[in-house]
Amino acid sequence: MLKVDKIWITPTAVHILTADGRTAHENFDDYPRLRWATPEQRANYETSSFGIHWPDVDEDLNFEAFFRDRQAQTPLYKLFMEHPELNASAVARRLGIRQSLLAQYISGTKKPSEERSRKILNAIHDIGKELIAVSL
């Protein structure tokens, strides 16, 4: 597991410094919830051994993802980035798994089994069906 010694926020990105001296950053523009967050919302984050969580905007970044190959984005990553209305924390709750585990699947630091991938996709499809059934 990656050990992070320091986290800092700039107006455009979140930066980390690892115990082994590496630095990396993620641009807020790459994450719709963080892109539109206020500076105060961006500054209000919680950390775990896996990553960073912004409770005000319900966004999560996995520390391992800071160092991922940008060309090797997972299908789950692309899905959640293309559809920011999908809330990873809520999807994880629906699945009965830890949000940090779903974040690792999304970032590609862990690969879900075929069965777990199917359950994730089914949960997302179920959300879509529920939305289609809404009438106002």
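Not measured: the values here are computed from a predicted model.

Novice: Could you give me a rundown of the environment of E40, with the residues and numbers involved?
Specialist: Relative to the elements of secondary structure, E40 occurs in helix α2 (residues 39-43). A sequence separation of 16 residues divides E40 from D56, and the C-alpha atoms of the two residues are 9.3 Å apart.

Novice: Lay out helix α5 (residues 99-107) with the relevant residues and their values.
Specialist: Quick reminder: α-helices carry 3.6 residues per turn. Residues three or four places apart thus point the same way. Of all nine residues in α5, eight are buried; the element is thus mostly enclosed. Three or more residues of α5 are buried, namely S100, L101, L102, A103, Q104, Y105, I106 and S107. For α5, the elements touching its buried residues are β6 (59-62), α3 (75-82), α4 (88-95) and α6 (114-132). Downstream of α5 by a residue or two, G108 has a phi angle that is positive, lying close to 90°.

Novice: Quick one: what's the story with empty space enclosed by the protein, residue by residue and with numbers?
Specialist: Counted under the stated rule, the structure contains one cavity of 30 Å³ or more. Computed from the structure, the largest cavity encloses a volume of approximately 230 Å³. As for the largest cavity, its lining consists of 19 residues, of which Y31, E59, D60, M81 and I106 are closest to the centre. Of all elements in the fold, only α1 (32-35), β6, α3 and α5 reach the threshold of two or more residues within the lining of the largest cavity. Here the residues of the lining of the largest cavity sort into 12 nonpolar, three polar and four charged.

Novice: Residues and numbers for the sheet that holds strand β5 (residues 51-54), please.
Specialist: Read from one edge to the other, the open sheet built from three strands follows the order β4-β5-β6, with strand pairing classed as antiparallel. A single partner strand is all that each edge strand has here, and the edge strands are β4 (46-47) and β6. The sheet contact formed by β4 and β5 spans two bridges and is antiparallel. For E46, the partnering residue across the bridge sits in β5 and is H53.

Rules of the game
- Residues numbered from 1 in each chain as written.
- Predicted model: local features only at pLDDT ≥ 70, side-chain atom pairs only at ≥ 80, totals over all residues.
- Heavy atoms only, no water.
- Helix = DSSP H or I, 4+ residues; strand = E, 2+ residues; numbered from the N terminus.
- Buried < 20%, exposed > 50% of the residue type's maximum accessible area, 1.4 Å probe, protein only.
- Contact = heavy atoms within 4.5 Å.
- 1 Å grid on protein atoms, 1.4 Å probe; cavity = no way out; pocket = protein on both sides within 12 Å on 5 of 7 lines; lining within 4 Å.
- Points joined across faces, edges and corners; volume = space filled by probe spheres on them.
- Nonpolar A, V, L, I, M, F, W, Y, C, P; charged D, E, K, R; others polar.
- Pairing = 2+ DSSP bridges.

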